[in-house]
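Overview (structure and organization)
For reference, the chains in residue letters:
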Amino acid sequence: MNIIQTENLSKYFGAVKAVDQVSIHVKQGEIYGFLGLNGAGKTTLIRLLLGLIKPDTGTCMLFGKHPKQANKIWNNVGYLIETPHAYPRLSVRENLQLICKLRGFDDHRLINEITDRLNLGEYVHTKEENLSMGNKQRLGLAKALIHRPKLLLLDEPINGLDPAGIVEIRELLQELSEQQGTTIFLSSHILSEIARLTSRIGIIHKGALVKEIKSADLDEQIIMRLHIKTTNNPGAIEVLTDKGFQAQLANDLIEVSDSHAIDQPETISRLLVEQGLPPKLIWVFEEDLEHYFLRIIKA
Ligand code: ATP
């Protein structure tokens, strides 16, 4: 069963298509990353999934049910939307006690467990307003996780975390997905982070889902080229094209796109040396993930 299923889901604010005909299917235990620039529609989609706003068209279901029909599903959902709101004058522990009461249980062991897991142990008596930004984010995550939900909807969960915090949260979410089968839907605008954390990525641009890709397949999508510089680039291009390679001038570089050349630059180097055109520089260029993302949304 799909834990999250949307079909042609749309939400418009006046002329702005915040979410435009989005169909997404997320299976149990999957970590699905929703990637987009600022204003792409990520938060609006999460608000739709949580039933906080009504779609203009299309449907959205969690655990096979429409959010409106299914009061019981909310016990199985944890969420963090944009800024993690908490009561600033209450301590970390008090904030967590309150969320437990609101969720209808009172179990100090769960509070201890989650504060330990999120490294908030030494701050349990600190007022929320005195926490660092990263620790406010941890408290937001603690509130989302404390009742051990089966589905987590997290809007920019790594916002404000330092590199160690990012690794910690990544490991925690991966553990939840692998060991407890928790389904996680998270948004971000940082592809490199999302690629490490998720099993599948949906790229959203101007409200529309422009691409879905398995994180494991990302490497195959990245553009690779062999770049060469010689003292006579036009002459070197002639040599390479005579041998059947796809070579062209790009600024003051020769760009070769054949995978055979990229895999064996030494063969190309030897060929050019034999023709009296030794390379001054030769290296394999690999597109980075940010450029890949920009290329996809520009397409
Ligand atoms: P960010 O990464 O900056 O949080 P986002 O991808 O979460 O952005 P949304 O907040 O979903 O984007 O916004 C999508 C579009 O919808 C934006 O153009 C935004 O201005 C518009 N929008 C969102 N909520 C409303 C609203 N309540 N009224 C009018 N326009 C809105």
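Residues numbered from 1 in each chain as written. Predicted model: local features only at pLDDT ≥ 70, side-chain atom pairs only at ≥ 80, totals over all residues. Heavy atoms only, no water.

Considering only enclosed or pocket space, the largest pocket measures out at about 450 Å³ in volume. For the lining of the largest pocket, the secondary-structure elements that each account for two or more residues are α1 (42-49), β5 (77-80) and α4 (133-145). Of all the elements, β5 adds the most residues to the lining of the largest pocket, at four residues. Of the residues belonging to the lining of the largest pocket, the class tally is ten nonpolar, six polar and four charged. Every residue lining the second largest pocket is counted, 19 residues in all, and those nearest its centre are Glu82, Thr83, Pro84, Glu156 and Asn159. Broken down by secondary-structure element, the contributors of at least two residues to the lining of the second largest pocket are α1 and α4. Broken down by element, the residue count for the lining of the second largest pocket peaks at three residues, all from α4. Considering only residue class, the lining of the second largest pocket consists of four nonpolar, nine polar and six charged. (1 Å grid on protein atoms, 1.4 Å probe; cavity = no way out; pocket = protein on both sides within 12 Å on 5 of 7 lines; lining within 4 Å. Points joined across faces, edges and corners; volume = space filled by probe spheres on them. Helix = DSSP H or I, 4+ residues; strand = E, 2+ residues; numbered from the N terminus. Nonpolar A, V, L, I, M, F, W, Y, C, P; charged D, E, K, R; others polar.)

So, on to the site of the ligand. Taken together, 13 residues sit near the ligand, with Gly39, Gly41, Lys42, Thr43 and Thr44 positioned nearest. At a separation of 2.7 Å, an oxygen atom of the ligand approaches a polar backbone atom of Gly39. Between the ligand and Thr44 there is a distance of 2.5 Å, counted from an oxygen atom to a side-chain nitrogen or oxygen. Against a free-state accessible area of 630 Å², the protein chains account for coverage of 63% of the ligand. Listing elements by their share of the shell around the ligand, those giving two or more residues are β2 (16-27) and α1. At three residues, the largest contribution of residues to the shell around the ligand is made by α1. (Near = heavy atom within 4 Å. Polar contact = N/O pair within 3.5 Å; in protein donor to acceptor, adjacent residues only side chain to side chain. Areas by Shrake-Rupley, 256 points an atom, 1.4 Å probe, with all protein chains shown as cover.)

Look at any regular strand and the pattern is simple: side chains alternate between the two faces of the sheet. Across six bridges, the pairing between strand β8 (residues 200-205) and strand β9 (residues 208-214) is antiparallel. The residue of β9 that forms the bridge with Gly202 is Glu212. From the end of β8 to the start of β9, which pair antiparallel, there are two residues, and Lys206 there has a positive phi angle of about 50°. (Pairing = 2+ DSSP bridges.)

A word on the domain arrangement of the protein chain. Partitioning the protein chain into domains gives domain 1 (2-219) and domain 2 (222-298). Taken over C-alpha atoms, the centre of domain 1 sits 43 Å from the centre of domain 2. With 14 residues of domain 1 in contact, the opposing surface of domain 2 contributes seven residues. A buried area of about 980 Å², summed over both sides, lies between domain 1 and domain 2, and 74% of it is on carbon and sulfur atoms. Ranking the residues of domain 1 by area buried against domain 2 places Leu191, Ile203 and Leu218 at the top, with a combined share of 39%. Taken together, the connections running from domain 1 to domain 2 amount to zero salt bridges. Across the domain 1-domain 2 interface, the total number found is two residue pairs in polar contact (both at pLDDT 80 or more). When contributions to the side of domain 1 that touches domain 2 are tallied by element, the ones reaching two or more residues are α6 (191-197), β8, β9 and α7 (218-221). (Domains from an automatic or database assignment. Contact = heavy atoms within 4.5 Å. Buried area = accessible area lost by both parts, 1.4 Å probe. Salt bridge = Lys/Arg side-chain N within 4 Å of Asp/Glu carboxyl O.)

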